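# Analysis of the macromolecular model
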Amino acid sequence: MANLTKEQILIEYVKCQKDIAYALKTYLETYDNTVKKYVPLELFPDQQSLISDYENFNENIALKYRQAGVTTVTAAWASKRLVFAKKTEPEKVLIIANKLDTSQEMANKIRSFIGQWPSWLGVDFSQDKNSQKHFKLTNGCEVKAVATSKDALRGFTPTILVFDEAAFIDADSDFWAACMASLSTGGKVIVVSTPNGFDPIYYEIYDQANRSMNEFKISEMFWYRDPRYTKDLYMVKTNNIIHYLLNKEQYINDGDVIDWSDIKPSERNYSDLDKLISEGYKPSSSWFESMVKKLKYDKRKVSQEIECSFLGSGDNVFDSNLLQDIKENHVREPQNKMMGNMLWIWKEPVVGHKYIMGIDVSRGDSEDFSSIEIIDFDNREQVLEYVGKVPPDVIAEIAFKWANMYSAFVVIDITGGMGVATARKLQEMGYKDLYIDGVDTSNKWKYVPKSAEKIPGLNFNNKRVQIISSFEESMRHEFKIYSSRLYDEMNTFIYINGRPDHQKGHHDDLIMSIAMCTYVGESSFGKLTKVTEQTKAMIDSWSVSNNNTSNKKLEFNPVIPNMHQNIDMNQHRQSVSKDDYIKYGWLFGTK
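Read on for a plain summary of the structure. (Residues numbered from 1 in each chain as written. Predicted model: local features only at pLDDT ≥ 70, side-chain atom pairs only at ≥ 80, totals over all residues. Heavy atoms only, no water.)

As a further point, take the packing of aromatic side chains. For the structure on display, the rule yields 21 aromatic pairs. Aromatic side chains Y27 and W117 sit 5.9 Å apart centroid to centroid with 35° between the ring planes, which places their arrangement in the tilted category. One end of the pair, Y27, is in helix α2 (residues 20-27); the other, W117, is in the loop between α5 (100-114) and β5 (125-130), with 90 residues separating them in the sequence. As far as the burial class goes, Y27 and W117 line up, both buried. Among the aromatic residues, those joined into a ring-pair cluster are F222, W223, Y224, Y229, W287 and F288. It is K389 that lies over the ring of F369; its NZ or CZ is 5.2 Å from the centre. (Phe/Tyr/Trp six-rings, centres within 6.5 Å; stacked < 30°, edge-to-face > 60°. Helix = DSSP H or I, 4+ residues; strand = E, 2+ residues; numbered from the N terminus. Buried < 20%, exposed > 50% of the residue type's maximum accessible area, 1.4 Å probe, protein only. Lys NZ or Arg CZ within 6 Å of the ring centre and 35° of its normal.)

Before going further, it helps to spend a moment on the nonpolar core. Grouped together as the largest cluster of nonpolar side chains are 100 residues, with contacts concentrated most on L24, I96, I110, W117, F163, V191 and F288. In terms of residues, this core owes the most to one element, helix α4 (residues 70-83), which gives eight residues. With residues near it in sequence (within four places) discarded, I96 still touches S103, V146, T148, L153, L161, V162, F163, D164, I169, F175 and C179. Formed by 33 residues, the second largest nonpolar core is a distinct cluster that contains F377, I468, M475 and C517. (Core = buried A, V, L, I, M, F, W, Y, C linked by side-chain atoms within 4.5 Å. Contact = heavy atoms within 4.5 Å.)

Both trends apply: most residues other than glycine have a negative phi, and most peptide bonds are in trans. Phi is positive for Q67, which is not a glycine, with a value near 70°. Here Q67 is to be found in the loop between β3 (59-63) and α4. Residue Q67 is classed as partly exposed on the basis of its relative accessible area, which comes to 40%. With a phi angle near 50°, E165 is a residue other than glycine that sits in the positive phi range.

Before going further, it helps to examine the sheet that holds strand β13 (residues 281-284). Taken together, three strands build an open sheet; the order of strands is β12-β11-β13 and the sheet is antiparallel. Strand pairing shows two members of the sheet lacking a second neighbour, β12 (257-259) and β13, which therefore form its edges. Across the sheet, the mean angle separating the axes of adjacent strands is 25° when strand polarity is ignored. Of the pairings in the sheet, the one linking strand β11 (residues 234-237) to β12 comprises three bridges and is antiparallel in character. Bridge pairing links M235 to I258 in β12. (Pairing = 2+ DSSP bridges. Axes fitted to C-alpha atoms, helices over the stretch in contact; angles between N-to-C directions.)

With that settled, the discussion passes to the side chain of H134. Within the fold, H134 resides in strand β6 (residues 134-137). Polar side-chain contacts of H134 include one of 2.7 Å to the side chain of E142. Once residues within four sequence positions are removed from consideration, H134 is found in contact with K129, E142, V143, K144 and F156. (Polar contact = N/O pair within 3.5 Å; in protein donor to acceptor, adjacent residues only side chain to side chain.)

Let us now look at the environment of I114. Within the secondary structure layout, I114 lies in helix α5. Residue I114 is classed as buried on the basis of its relative accessible area, which comes to 5%. For I114 and L137, which are 23 residues apart along the polypeptide, the C-alpha to C-alpha distance reads 9.5 Å. Those residues within four positions of I114 in sequence are excluded, and the remaining contacts are S79, L82, V83, F125, F135 and L137.

Here we come to the packing of α4 against α5. α5 packs onto α4 with a crossing angle of 55° between their chain directions and a minimal axis gap of 8 Å. Relative to α5, the element α4 is oriented oblique. For the crossing formed where α4 meets α5, the hand is right-handed. From α4, T71, T72, T74, A75, A76, A78, S79, L82 and V83 reach across to α5, where they touch M106, K109, I110, F113 and I114. (Parallel < 35°, antiparallel > 145°, perpendicular 65-115°, else oblique. Left-handed = near helix turned anticlockwise from the far one by under 90°.)

Of all six residues that make up strand β16 (residues 355-360), six are buried, and the element is covered over most of its length. Burial along β16 is two-sided: the residues Y355, M357 and I359 and I356, G358 and D360 are all buried. Sheet analysis places β16 next to strand β19 (residues 409-412), joined by four bridges and oriented parallel. If you follow M357 over to β19, its bridge partner there is V410.

Below you can see the structure in the form of structure tokens.
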């Protein structure tokens, strides 16, 4: 639109202010990979909803898939805010990302869009500051791109704060609090990202917004609502879309695949589609298939880049399907809550069952918690859980009470020394059933007197991978957990440089406790049960029927002296005393 009259400019100005979608489509262009050329920035419905939320809400979080165009749309919206801003009320945009390159990429997009707005707006780039990571406009507006650091906010008070790929920002809640505190009164904050597991910033904001614990407006964008990628949309009845793509020949039943390609994207009822998804169907299209192929059929990458799924999108130690099953079918409220909600009990002790208690000890004044887990080894389930900030001697007193209640075999993490105090305290209180690392409890024929001098417990860090692997394997073989607190820890338990550990800002105390239980249970109780069964079978094999040998001669053996009398082989077997039973009863698992 060139050579407009002043009246036409005024009309156009008002129209752009009232209808941002019109303004972006009329004056801005972007490169469209699907048609390989520059096209007007025409927004599809989800993108229109996104910029409407940006306008109407001060706090926004966008859940997006890869190639959703959210970064582009956000940059276009920001450019419009900048060029239409008054000199008396300039906008200051601060873009934060985990890497400077990422934040500069968005800043460059904003710069490109600013250059496309018509000259009659009278806004240009200032010569005072005009670099890639920080530039100003002649109306006083500024754009600054920074990486995550303590100095990122120094000397700059933004009116619009944009977190790009927020789930990948390596920072904690303190950094987030500092960012929010720097925002000018009435300013806007926009958080944009694909999921990356249950990270401490992006996921927590999203989760709290879902539970109405903050003021953020969630804008959810799903690929199957994007008209660019869904012309040949179809739905598949499957738990695993990747399995379908690799094994299409197995899906031959009626209803396995529902074709949606005959319905134009603009005419589709997405409520019906969401209902199919809730019934177990997964969306797919030729674009989706090509993206999955590019991602090498990596389930985690597909969850992260395309499906907008927090569960399964991070480097989780525990499989996403397993976690989903725990959440839907096992997590439940305890029968009893005690000690100010710190102690949860799901099942009372059952006489004759074998119980194992795991104790993870903290100082009681740090960010970590002391925790106790008790499992029923026979029923393969969690029965009791405690978590609280208490010193080592106090956790020993708590453990002593409940270990006696369940007659539990106790294993303590003595890494770092905190657990040593707990172990010694339990010994002082007279508790005997304590796990001692290095002592073969499955071999009753060996006795090492020096074992009594060793500190009871287990150095967790020395066997971290084996212990966590034991717990993960137990979970895959139908070990049941009921605690929502433990489930939350499992969601944020990931591989960091190949080592299983909790995400920054989260905890793993309960995982440590219950993992020790399953590890010791399999290595000690499992072996002991096997040895006991073998011993029973061996002794049973010694038993013979009571035959009368009085009329039979003994076979001659030159090694054995000649005996001229009959021998009753069952004579001594029938004279077992009560003392003998008490003395040798351990062979049969009795106490």
